[in-house]
Amino acid sequence: MKSISAMSTGPSDCLGVALRTMWLVDQDESYQVVRKSRDSALVIVIRTTAGCGRIDIDGHGTSILTENTVFLADDLMISRYETLGPRWQFSWMVCAREGMVPYPWHEVLTVEPSTWEPDLIDHSFYLLSQEDEASRSAASALCNMLVHEWATRWRRNGEKHDPMREIVAYAAKRMQREITNPISVEMLARELGISARWMRQSFLVVTGKSPKVYYTEIRMRLALQMLQHDACPVNQVAERLGYSSPFHFSRAFKARFGCCPSAVRGGTAIDLQTKGSVVF
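To keep things clear, this report deals only with the structure shown in the data block.

1. A few points about the pattern of salt bridges
Taken as a whole and assessed by the stated rule, the structure comprises twelve salt bridges. Among the ionic pairs, Arg-80 bridges to Glu-82, the shortest N-O distance being 3.8 Å. The two residues Arg-80 and Glu-82 agree in class, both being buried. The shortest N-O distance in the salt bridge between Arg-256 and Glu-217 comes to 2.7 Å. Separated by 39 residues along the polypeptide, Arg-256 in helix H8 (residues 246-257) and Glu-217 in helix H6 (residues 211-228) bring together distant segments of the chain. Its relative accessible area of 15% is what places Arg-256 among the buried residues. Here the salt bridges share partners, and the residues they tie into one network are Arg-54, Asp-56, Arg-80 and Glu-82.

2. Section: the pairing of strand S4 (residues 61-66)
Across six bridges, strand S3 (residues 42-57) lies against S4 in antiparallel orientation. By the bridge assignment, Ile-57 is partnered in S4 with Gly-61. Between the end of S3 and the start of S4, which pair antiparallel, lie three residues, with Gly-59 showing a positive phi angle near 85°.

3. Quick notes on unusual backbone geometry
A positive phi angle is found at Asn-68, which is not glycine, with a value near 65°. In this structure, Asn-68 sits in the loop between S4 and strand S5 (69-74).

4. Description of the packing of helix H4 (residues 185-192) against helix H5 (residues 196-207)
Relative to each other, H4 and H5 sit at 100°, their axes nearing to 8 Å. Between H4 and H5, the angle falls in the class roughly perpendicular. The segment H4 lies against H5, with Val-185, Glu-186, Leu-188, Ala-189 and Leu-192 engaging Ala-196, Met-199 and Arg-200. Residues that form the contact of H4 with H5 fall into these classes: six nonpolar, no polar and two charged.

5. Let's talk about the nonpolar core
Of all hydrophobic cores here, the largest spans 36 residues; its most connected members are Met-199, Val-237, Leu-241, Phe-249 and Phe-253. Elements with a minimum of two residues in this core: helix H3 (163-177), H4, H5, H6, helix H7 (234-240) and H8. With nine residues, H6 is the single largest residue contributor to this core. Beyond its immediate chain neighbours, meaning those up to four positions away, Phe-249 contacts Met-220, Ala-223, Leu-227, Val-234, Val-237, Ala-238, Leu-241, Tyr-243 and Pro-261. Core analysis: the next-biggest nonpolar cluster, separate from the first, contains 20 residues, Met-22, Val-43, Val-70 and Cys-143 among them.

6. Here we look at the layout of surface pockets
Estimates place the volume of the second largest pocket at around 420 Å³. Taken together, 22 residues line the second largest pocket, and the ones lying closest to its centre are Arg-54, Asp-56, Thr-62, Ile-179 and Leu-222. Taken together, the elements giving at least two residues each to the lining of the second largest pocket come down to S3, S4, strand S6 (78-97), H3 and H6. It is H6 that contributes the most residues to the lining of the second largest pocket, five residues altogether.

Definitions and limits used
All chains use their own residue numbering, which begins from 1 and follows the written sequence. Reporting in this predicted model follows two pLDDT cut-offs: at least 70 for local features of residues, and 80 or more for side-chain atom pairs to be given and counted; totals over whole chains, interfaces and linings ignore these cut-offs and use all residues. As a convention, hydrogens and water are excluded, and side-chain values are obtained from all of the structure's heavy atoms. Think of a salt bridge as a Lys or Arg side-chain nitrogen and an Asp or Glu carboxyl oxygen that are within 4 Å of each other. Partly exposed describes any residue whose relative accessible area lies between the buried limit of under 20% and the exposed limit of over 50%, with all areas from a 1.4 Å probe on protein chains only and scaled to the type maximum. Each helix is a run of DSSP H or I of at least 4 residues and each strand a run of E of at least 2, with the numbering of both proceeding from the N terminus. When DSSP finds at least two bridges between two strands, those strands are taken to pair. Lines are fitted to the C-alpha atoms to define the axes, a helix being fitted only along its stretch in contact, and any angle between axes, read from their N-to-C directions, falls within 0 to 180 degrees. An angle counts as roughly parallel when it lies under 35 degrees, as roughly antiparallel when it exceeds 145, as roughly perpendicular when it falls between 65 and 115, and as oblique in every other case. Throughout, a contact is declared for two residues whenever any of their heavy atoms are within 4.5 Å. When residue character is reported, Ala, Val, Leu, Ile, Met, Phe, Trp, Tyr, Cys and Pro are called nonpolar, Asp, Glu, Lys and Arg charged, and the others, Gly included, polar. Each nonpolar core is a collection of buried residues, namely Ala, Val, Leu, Ile, Met, Phe, Trp, Tyr and Cys, held together in the definition by side-chain atoms within 4.5 Å. The distinction between a cavity and a pocket rests on a 1 Å grid over the protein atoms alone: a 1.4 Å probe fits inside a cavity but cannot get out, while a pocket stays open yet meets protein on both sides within 12 Å along at least five of seven lines, and a residue with an atom within 4 Å of a point counts as lining. Grid points are joined across faces, edges and corners, and a volume is the space filled by probe spheres set on the points.

Put into structure tokens, the structure is as follows:
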């Protein structure tokens, strides 16, 4: 016979979010939502389990949400989201903030799932659909458990210091924010206090691509979106992505996708899954 205990050496409050609405979404490339109704009192937690999606955040640019990522954002700041590629499977949790949420906001965080995560998400969904208050409270408790578990897993992974990956992660976020005003490798290197040579080496090791190729990848994906779904004229896309002329943009687009931008705007489909992917 024996007794064991676990004791916290500091505060262990578990306040975070109160679940209000939960969507389990599995959509193809036609899925696109432009948001008109937003609430400053709510936060959105997005857990991507398969495929890839894009989300536009006012003041923070565009983020790409891939498999096994978590994203936390103010409901008020999400202007649009959509599927990239053939599929995007994710949980969308609408919550009220009830205390400290243990996450960086508006950043894409990679978190490997636990074996029990799918069951916990499904059970939260079931409980939230029940009419009694006790079930709905239990759904919020499970949602908080998920959020805190993801935060713990993310922090533990972050303890594995990887200088090259940190360099690339920072640079990739800056590239996404400066999508219409391209920033040079030298400027990114100066911001980080490293040499441009070390910046290029980090990209090659982590992504297998040079910074220039990686940056072009981000811009071309956005260009494809603007042409296919927004039906923007080619010259407007070129201008918004910072190209000096429609000619230079068209040449870069053809090198990347094998066809002219005007063909895509005219209905030619491109399978992103066969054309590479963005890491961050």
